[in-house]
Amino acid sequence: ATSRGIVDSVANGLNGTIFAYGQTSSGKTFTMQGSGTLQEGAASGGGGMKENGGIVHMAASDIFDHIEKEPERVFLVRVSFIEIYNEEVRDLLVSGDSDSHLTIREDKRRGVFVNSNETIVTSMNSLLSVLFAGEKNRSVAATG
């Protein structure tokens, strides 16, 4: 329900961002991807993805459901995947540490942005494949 307004705006041609932040162990990962990895959330089976997946799965499913309901329109869906960890912005769609660091920029027209990689996706499966690849590049620290 929280991301529904963003999904509706995206379906109407606006950019959308869903951003989770908080202290270590506050539930950011669970909120975004559900229980386990993004891949495990997607594998929760059939219609269960919306119930067992996180916001990523629900929002993506809603976006592609909307696209399917409007076959007369042409949609372009691009996905990027970044993280802010220890005050560094990293592009998770770039393998290797050296090229993944991003600079935060500001422009009068665009506002605040980073030049992250974007991948065009055409289905829920292609979107999840991109996110599965990016998930492998996430920073993970022990909580204790």
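Residues numbered from 1 in each chain as written. Predicted model: local features only at pLDDT ≥ 70, side-chain atom pairs only at ≥ 80, totals over all residues. Heavy atoms only, no water.

Here's the deal with the pairing of strand β3 (residues 88-91)
- Judged from the four bridges that link them, strand β2 (residues 82-85) and β3 form a sheet pairing that is antiparallel. Looking across to β3, one finds that Ile 82 is bridged to Asp 91.
- As judged from the two bridges shared by β3 and strand β4 (residues 101-102), these two strands associate in the antiparallel manner. Among the inter-strand pairings, Arg 90 is bridged to a residue of β4, identified as His 101. (Pairing = 2+ DSSP bridges. Helix = DSSP H or I, 4+ residues; strand = E, 2+ residues; numbered from the N terminus.)

A closer look at the confidence of the model for the chain
- Mean pLDDT for the chain: 82, with 83% of residues reaching 70 or above.
- Within the chain, strand β7 (residues 119-121) carries the highest mean pLDDT (96), whereas helix α4 (residues 48-52) carries the lowest (54). (pLDDT = per-residue confidence, 0-100.)

Remarks on the nonpolar core
- Within the largest apolar cluster, 16 residues are counted, with the highest numbers of intra-cluster contacts made by Phe 64, Val 79, Val 121, Met 124, Leu 127, Leu 128 and Leu 131.
- Put simply, the parts of the chain that give this core at least two residues each are α5 (55-69), β1 (77-79) and α6 (124-135).
- With six residues, α6 is the single largest residue contributor to this core.
- Here Phe 64 is in contact with Val 77, Val 121, Thr 122, Ser 123, Met 124 and Leu 127, once residues within four sequence places are set aside. (Core = buried A, V, L, I, M, F, W, Y, C linked by side-chain atoms within 4.5 Å. Buried < 20%, exposed > 50% of the residue type's maximum accessible area, 1.4 Å probe, protein only. Contact = heavy atoms within 4.5 Å.)

A few points about the pattern of salt bridges
- Taken as a whole and judged by the stated rule, the model has four salt bridges.
- For Glu 70, the salt bridge identified is with Arg 73, shortest N-O distance 3.5 Å.
- The exposure class assigned to Arg 73 is partly exposed, which follows from its relative accessible area of 33%.
- We note a salt bridge from Arg 78 to Glu 118, for which the minimum N-O separation is 3.6 Å. Taken together, the positions of Arg 78 in strand β1 and Glu 118 in the loop between β6 (111-113) and β7 put the pair 40 residues apart, joining distant regions of the chain.
- With a relative accessible area of 48%, Arg 78 lands in the partly exposed category. (Salt bridge = Lys/Arg side-chain N within 4 Å of Asp/Glu carboxyl O.)

Points about the packing of aromatic side chains
- The tally for this structure, following the rule as stated, stands at one aromatic pair.
- Between Phe 19 and Tyr 21 the ring centres are 6.0 Å apart and the planes differ by 40°, which places this aromatic pair in the tilted class. Tyr 21 matches Phe 19 in its accessibility class, with the two residues each being exposed.
- Geometry around Phe 113 places Arg 110 over its ring, the cationic atom sitting 3.7 Å from the centre. (Phe/Tyr/Trp six-rings, centres within 6.5 Å; stacked < 30°, edge-to-face > 60°. Lys NZ or Arg CZ within 6 Å of the ring centre and 35° of its normal.)

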